[in-house]
Amino acid sequence: MTKKMIDLESLPYYDPLTNKKVAVITGGNSGIGWYTVLHLYMHGVIIYICGRNSHKVNRAMKDIQNEAFRRRSLEKHDFKEERSFGAMIYIHMDLTDLKTVERGCLKIIGLERQIDILINNAAVLALPYELTKDGFEIQLQTNYIAHFLLSLRLLPLLKKGHGRIITLSSVGHLLEFKYWKLDIKWDYKPNMIFTWIRYAVAKTASIQYTKMLSIKHPDVLCLSLHPGLVMNTNLFSYWTRLPLVGIFFWVLFQIIGYFFGVSNEEGSIATVRCALSADLTVEKDNGKYFTTGGVESTSSRVANNLDNAASTWIWTVRALKERGFDVK
Ligand SMILES: NC(=O)c1ccc[n+]([C@@H]2O[C@H](COP(=O)([O-])OP(=O)(O)OC[C@H]3O[C@@H](n4cnc5c(N)ncnc54)[C@H](OP(=O)(O)O)[C@@H]3O)[C@@H](O)[C@H]2O)c1
């Protein structure tokens, strides 16, 4: 582990019976999200895992529980008996279908009176151009628009707990070197190039709406982050599973990972820090961007520009309204 990573042991531990903390995460069943859930669970947080495949999420919950017990049994501290595990609950949500996002939110709202942490983690990358059933480009909807809707629907419960919204962006947002309107389709060939542009637009928008949220709702701590390069998650599997050339991409990603990458678990540290650190406050940190290991950083000039952020916000509200989703 590099020196710059935050020590997760230093973050607060909660007891679900006496000091309940509730988190909601998308994509908690694999990759970076899996380790994020593991650490939150070990810190005593109750976590709603929103996913599209109940089998995968239930299996992940079982594996996370086993790993948490294994790790706790190896801990040497005197206080290990005092630390409680949290809980994990599956919520069905397919981010390519906004109605399921609304249904999932209603379920959570029916079960909880307040939410402390929302983690917008799920994403797809590299997919060919495709429209969802809501009529958005698939990466834009999965990575950005569905999370925009999710955040606004859960906002009343987040406000009750003076909560946090943590949104995973990516260093890939830097590819948006000038502001592009969100209705540009980028439906060109080769996919290998334009899929990155579509990813960059979605990940820039994720930072922009985080900034807007922090301005519109200053009582909720809104942060975005790049988790690090984690080359062996499923994020890259569209390329590595391509017939014939897949093996080339696999080798290439392994090389990149070797020189510049971090492990899945190290990739989760920035999120866990943003979710739990008592050092981060609305007064001094709202709207900030973090990078690998939970270190404060700066996003691109395009993502930082508040006029761009406002345009992105207005476009998204209008696009959702046109589809029957009333948001403000
Ligand atoms: N890995 C990296 O190097 C890297 C770098 C920069 C940023 N990030 C960001 O880190 C986050 C986590 O990525 P990762 O590398 O851990 O990827 P991952 O292992 O592929 O995890 C992505 C998660 O998103 C879920 N997901 C995808 N589409 C969904 C949908 N339509 N509805 C519900 N859930 C959906 C996946 O569920 P299924 O299992 O059902 O597919 C999976 O749980 C992403 O936001 C990514 O952009 C990653």
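Residues numbered from 1 in each chain as written. Predicted model: local features only at pLDDT ≥ 70, side-chain atom pairs only at ≥ 80, totals over all residues. Heavy atoms only, no water.

Engineer: Could you give an account of the packing of helix H5 (residues 191-216) against helix H11 (residues 306-322), with specific residues and numbers?
Structural biologist: The N-to-C vectors of H5 and H11 enclose an angle of 95 degrees; their axes lie 9 Å apart at closest approach. On the basis of the axis angle, H5 is roughly perpendicular to H11. Taking contact as the criterion, the partners of Ala205, Gln208, Tyr209, Lys211, Met212, Leu213, Ile215 and Lys216 in H5 are, on H11, Leu306, Asn308, Ala309, Ala310, Thr312 and Trp313. Within the contact of H5 with H11, the residues separate by chemical class into 9 nonpolar, 3 polar and 2 charged. (Axes fitted to C-alpha atoms, helices over the stretch in contact; angles between N-to-C directions. Helix = DSSP H or I, 4+ residues; strand = E, 2+ residues; numbered from the N terminus. Parallel < 35°, antiparallel > 145°, perpendicular 65-115°, else oblique. Contact = heavy atoms within 4.5 Å. Nonpolar A, V, L, I, M, F, W, Y, C, P; charged D, E, K, R; others polar.)

Engineer: Provide a residue-level description of the packing of aromatic side chains, including the pertinent values.
Structural biologist: Here the structure, examined in full by the defined rule, presents 22 aromatic pairs. Centroid distance Trp196 to Tyr199: 5.8 Å. Interplanar angle 90 degrees. Geometry classified as edge-to-face. With Trp196 and Tyr199 both in helix H5 and 3 residues apart, this pair spans about one turn of that helix. Judged by centre distance (5.2 Å) and plane angle (90 degrees), the ring pair of Tyr258 and Phe259 falls under edge-to-face. The structure contains a cluster of three or more aromatic residues connected by ring pairs, namely Trp196, Tyr199, Phe236, Trp239, Phe248, Phe249 and Phe253. Above the face of the Tyr13 ring, Arg83 is positioned so that its terminal group lies 3.7 Å from the ring centre. (Phe/Tyr/Trp six-rings, centres within 6.5 Å; stacked < 30°, edge-to-face > 60°. Lys NZ or Arg CZ within 6 Å of the ring centre and 35° of its normal.)

Engineer: An account of the UniProt feature "transmembrane region" (unreviewed entry) in the protein chain is needed here, citing residue identities and associated values.
Structural biologist: Within this structure's numbering, the places UniProt gives as "transmembrane region" (unreviewed entry) are residues 32-51 and 242-261. Its end C-alpha atoms 14 Å apart, residues 32-51 is made of 55% helix and 30% strand. Helix and strand shares over residues 242-261 are 75% and 0% respectively, and the end C-alpha atoms of the span are 22 Å apart. (UniProt positions renumbered as here; feature names shortened; annotations may be inferred.)

Engineer: Quick rundown of the nonpolar core? Include the residues and the values.
Structural biologist: In this structure, Leu98, Val101, Tyr144 and Phe148 are the most contacted members of the largest nonpolar core, which totals 50 residues. Residue assignment for this core shows that the elements contributing at least two residues are strand S1 (22-26), strand S2 (46-51), helix H3 (98-111), helix H4 (138-160), H5 and H11. If one sorts the elements of this core by residue count, H4 sits on top with 12 residues. Ignoring any residue separated from it by four or fewer positions in sequence, one finds Tyr144 in contact with Gln139, Leu182, Ala202, Ala205, Ser206, Tyr209, Thr312 and Thr316. One finds Trp34, Val45, Ile166 and Leu225 within the second-largest nonpolar core, a separate group that totals 41 residues. (Core = buried A, V, L, I, M, F, W, Y, C linked by side-chain atoms within 4.5 Å. Buried < 20%, exposed > 50% of the residue type's maximum accessible area, 1.4 Å probe, protein only.)

Engineer: Could you give me a rundown of a nonpolar patch on the surface, with the residues and numbers involved?
Structural biologist: A contiguous nonpolar patch, built from Leu244, Val245, Ile247, Phe248, Trp250, Val251, Leu252, Ile255, Tyr258, Phe259 and Phe260 and spanning about 1,300 Å² of accessible area, is present on the exposed surface. Turning to its location among the elements, Phe248 is positioned in helix H7 (residues 246-260). (Patch = residues over 30% accessible without salt bridge, like charges linked within 9 Å, V, L, I, M, F, W, Y side chains within 5 Å. Areas by Shrake-Rupley, 256 points an atom, 1.4 Å probe, with all protein chains shown as cover. Salt bridge = Lys/Arg side-chain N within 4 Å of Asp/Glu carboxyl O.)

Engineer: How would you summarise unusual backbone geometry if you had to cite specific residues and measurements?
Structural biologist: Following Lys189, the chain continues to Pro190 via a peptide bond in cis, the omega torsion being 0 degrees. With respect to the element layout, Pro190 can be found in the loop between strand S5 (164-168) and H5. A positive phi angle, close to 45 degrees, is found at His162, a residue other than glycine. Looking at where His162 falls in the secondary structure, it is placed in the loop between H4 and S5. Take His162: its relative accessible area is 61%, and that puts it in the exposed class. Phi at Leu244 is positive, roughly 65 degrees, even though this residue is not glycine. Examined against the element boundaries, Leu244 turns out to sit in the loop between helix H6 (237-240) and H7. By relative accessible area, which is 81% here, Leu244 ends up exposed.

Engineer: Which residues make up the pairing of S2, and what values go with them?
Structural biologist: With 6 of its 6 residues buried, S2 lies for the most part within the structure. As paired strands, S1 and S2 are joined by 5 bridges and run parallel to one another. Residue pairing for S2: Val24 is matched across the bridge by Tyr48. Handedness of the crossover joining S1 and S2 through helix H1 (residues 31-42) is recorded here as right-handed. (Pairing = 2+ DSSP bridges. Right-handed = clockwise from strand over helix to strand, strands pointing away.)

Engineer: So what's going on with the side chain of Glu176? Residues and values would help.
Structural biologist: Inspection of the secondary structure assignment puts Glu176 in the loop between S5 and H5. When sequence neighbours within four positions are dropped, the list of residues in contact with Glu176 reads Ala200, Val201, Thr204 and Val302.

Engineer: Please set out the pairing of strand S4 (residues 117-120) residue by residue, giving values where relevant.
Structural biologist: Residues Ile117 and Ile119 of S4 are buried on one face, and the alternating residues Leu118 and Asn120, pointing to the opposite face, are buried as well. Relative to S5, S4 runs parallel, the two being bridged by 4 bridges. Each residue of the ladder has a partner; that of Leu118, found in S5, is Ile165. Read from S4 through H4 to S5, the crossover connection turns out right-handed.

Engineer: Report on the pattern of salt bridges, specifying residues and quantitative values.
Structural biologist: Taken as a whole and assessed by the stated rule, the structure comprises 17 salt bridges. A salt bridge links Lys133 to Asp97, with the shortest nitrogen-to-oxygen separation between them at 3.3 Å. In this pair, Lys133 is assigned in the loop between S4 and H4 and Asp97 in the loop between strand S3 (87-92) and H3, connecting sequence segments 36 residues apart. For Lys133, a relative accessible area of 69% puts it in the exposed group. Taking the shortest distance from any N to any O, the salt bridge between Lys288 and Glu296 comes out at 3.4 Å. On the basis of relative accessibility, which here comes to 45%, the residue Glu296 falls in the partly exposed class. Sharing partners across several salt bridges, the network here consists of Glu9, Arg72, Glu75 and Arg83.

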